[in-house]
2 protein chains.
Amino acid sequence: MDKKLTIKDIAQLAGVSKGTVDRVLHKRGKVSQKALDSINAVLEQADYEPNLIARNLKNNKIYSICVVLPNPESDSYWQPCIKGIEQAKKEFKAFNLSISSYYFDPEDTESFIAVNKSVLNLAPDAVLLAPLFYKEALDAVEKYTEQDILVNTFNNQLESEEIRNFVGQDLHQSGRVAAKLIHSIAEKGQIAIIHFDEKIKNAVHMQEKEKGFRNYFSQKENSDYEVTTLKLKRKNYETKLEDFLKENPKLTGIFITTSKAHQIAEIIDKTKNNTISLIGYDLLDKNISFLNKGTIDFLINQNPKQQVYLGLSFLVDHFIFGKEINPSTLLPIDIVNSENASYYME
Amino acid sequence: MDKKLTIKDIAQLAGVSKGTVDRVLHKRGKVSQKALDSINAVLEQADYEPNLIARNLKNNKIYSICVVLPNPESDSYWQPCIKGIEQAKKEFKAFNLSISSYYFDPEDTESFIAVNKSVLNLAPDAVLLAPLFYKEALDAVEKYTEQDILVNTFNNQLESEEIRNFVGQDLHQSGRVAAKLIHSIAEKGQIAIIHFDEKIKNAVHMQEKEKGFRNYFSQKENSDYEVTTLKLKRKNYETKLEDFLKENPKLTGIFITTSKAHQIAEIIDKTKNNTISLIGYDLLDKNISFLNKGTIDFLINQNPKQQVYLGLSFLVDHFIFGKEINPSTLLPIDIVNSENASYYME
DNA sequence: AGGAAAAATGTGCTCGAACACACTAAATTT
DNA sequence: AAATTTAGTGTGTTCGAGCACATTTTTCCT
């Protein structure tokens, strides 16, 4: 049972006191060359690792973390995030943490600004932010950083020097995954990319996915597929889609770039057209039900729960264990069909 | 900044000393009814959580964990496990852990017995075991348990009261996932299930997958598929498969129940037959290369790395944080194509 | 050489839980 | 009533890192 070396052990081996070793370890100077040499000699061959538990006992500060995300009641895509936050709370309750959530209205820029303002007033140690509104998010990040509040982001990428960590997916690659799936299951013919969302702020998301999707097919030389893009909004989407289906009888596949695949599936179902393959995003109950029915062939899991959970666990690693934060973490792009869906829904 | 309550705080609130509170918390008796009542009253409305960091600092025992698994050089399926172990070591180096690996020859029962014997002699605190040889594994588990060594398993399920935790996949469901994939991509016709492995000990694995696969199709009433099973061994498998292909010209899909899909793919490739869909297991380099080429359509990831990592992290949770161990953890059955493979290979 | 300043080094306390041990007060025995 | 057991309670030390402060040693100047 070879115990781990402590500062005291190192001190003894080097023939000095623990205070001196401590000064060397923390490079706080005031150490003679002689002592420095002997301590370094010991350290080099002794592979000392500080006991992080002991270190932490001393620093018994309570770290407060605020998670800022859209209200899951407005958009159920965010629902799993609550579970992710709960899991993190449970998992990390051993440490001195205070995690709280703050919701904004995903349709309302003002509410995003307001929520961030009030979180700023709380002066937490860190904020985990879903930066839905690009410009406003940059503003918020700047203000947080001014107050020395650490900001990590998830779900939406934000180009900022001040962001310490991003957890999310590579949307371009996500589009490629969808394209490969369509390529696997859809017959030769026409393929539609459907952007179905009111929200302008999702435009970047949708565009990146489209780019990836088209990129896949453009790399295949003898492509038997023709790719068209269709934009739908809540208003009149039914007749618009029905018209589109009539105008494009050779349609064999549809890629929906948002979580609204179930709304498309409903219409496809009505037309009793079994030859159109459907690929969409996110494991909403409504989507799953069409997946089980067979109308939707595959869903791609963007894993919002894991995004938040990982974002929080990185903060814990940083605050509690002093680990370096990885600037970017790209989650796997999970392919989901009716048979493996349950595993991704917890 | 409301700090967490300590034993001392509780003691003060209840008007006793920390020693008495400690006795109540650990139910060590020797406490008067009066003191017990007042302490319980405080505890009830104060939701005290012991500081696990402080507790751990005191109990500075080094927990030793042995991982017993097949030599990755004999079967590269196990290669990712090394990474999983390394990751766990890195992640948990803050705690007093000593994790070491022991390899046995997956073809040799005797080596399995021998390795377990020598691990038993090391008297670790816990063993994480890949119980490839059923009967011998049960023996080993019994001996470990006699010596009060905690045993968790991964990859292969073992029916034993003494196993505290299993991390792996639901093989039956895994077969269903494969069936659904075949159903999505293969044309009507004949489907072959190929069991390609010498090792009898994998028989249960392969059978469970076959059952799940057939179960899926038997639930579809108007099935346009006919499912046949073919067993192949290393010897003569080439000619045997070629004969099979000639005899079954209507073959549209193959499900390989082991990680040997690349060997089937090689032959299919030679025949220049593009109409046969291939589904296999595991992200071996050779399999990935056929996945990128398009010969293999999907791979199912059994996630050996995650299995070991999770198995170890459960042990840490148990030893360090006193958490209850979940008896069984079933990992997601990841569907992998050429576009999302990289995320599952670390 | 004497003394002050600067540099180097060591000591001691803290964090919270856990537990051994010392101690007090009540109960029982002689 | 004194002696002894036993129930109940409090005190003090430990774990390892970190840092303030005390102490010792060296350097430098008059």
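Residues numbered from 1 in each chain as written. Chains lettered and ligands numbered in written order. Predicted model: local features only at pLDDT ≥ 70, side-chain atom pairs only at ≥ 80, totals over all residues. Heavy atoms only, no water.

Draft legend 1. Structural view of the relation of the copies chain A and chain B. Superposition record for chain A on chain B: RMSD 0.4 Å, screw rotation 180°, translation along axis 0.2 Å. Such a turn and shift between the copies fits a two-fold axis. When C-alpha distances to the rotation axis are compared across chain A, the minimum falls at Ile185(A), with a value of 2.4 Å. By residue overlap, the copies meet face to face through one surface: 100% of the interface positions of chain A are interface positions in chain B. (Least-squares fit on C-alpha atoms with pLDDT ≥ 70 in both. Contact = heavy atoms within 4.5 Å.)

Draft legend 2. Summary view of helix H7 (residues 134-146) of chain B. Residue and element names in this part refer to chain B. Taking 1.5 Å of rise per residue, the 13 residues of H7 would be expected to cover 18 Å, and the 19 Å separating its terminal C-alpha atoms lies within 8% of that figure. For H7, every residue scored as buried is listed here: Ala137, Ala140, Val141 and Tyr144. End-on view of H7: buried residues confined to an arc of 100°, all on one side of the axis. When the buried face of H7 is taken as reference, the exposed residues oriented beyond 90 degrees from it are Lys135 and Glu146. Contacts made by the buried residues of H7 are with strand S1 (63-70), helix H6 (109-122), strand S3 (126-129) and strand S4 (150-154). Looking at the residues trailing H7, positive phi occurs at Asp148, about 60°. (Helix = DSSP H or I, 4+ residues; strand = E, 2+ residues; numbered from the N terminus. Expected span 1.5 Å × (residues − 1). Buried < 20%, exposed > 50% of the residue type's maximum accessible area, 1.4 Å probe, protein only. Arc of directions from axis to C-beta.)

Draft legend 3. Representation of the sheet that holds strand S5 (residues 165-168) of chain A in the model. Residues and elements named next belong to chain A. With parallel pairing, 6 strands are arranged side by side in an open sheet as S2-S1-S3-S4-S5-S11. Pairing within the sheet leaves two strands with one partner each, and these edge strands are strand S2 (97-104) and strand S11 (328-330). Neighbour-to-neighbour, the strand axes of the sheet open up by a mean angle of 15°, direction not taken into account. Sheet strands in contact with helix H5 (residues 79-91) are strand S1 (63-70), S2 and strand S4 (150-154), and its direction is about 170° off that of S2. (Pairing = 2+ DSSP bridges. Axes fitted to C-alpha atoms, helices over the stretch in contact; angles between N-to-C directions.)

Draft legend 4. Representation of the environment of Tyr216(B). Along the chain, Tyr216(B) falls in helix H9 (residues 203-219). Along the sequence, Tyr216(B) and Arg176(B) sit 40 residues apart, while their C-alpha atoms lie 5.5 Å from each other. The contacts of Tyr216(B), once residues within four sequence positions are left out, are Glu339(A), Arg176(B), Ala179(B), Lys180(B) and His183(B).

Draft legend 5. Expanded view of the domain arrangement of chain A. Domain boundaries in chain A define domain 1 (7-50), domain 2 (63-168 + 305-329) and domain 3 (171-301). Measuring from the centre of the C-alpha atoms in domain 1 of chain A to the corresponding centre in domain 3 of chain A gives 63 Å. (Domains from an automatic or database assignment.)

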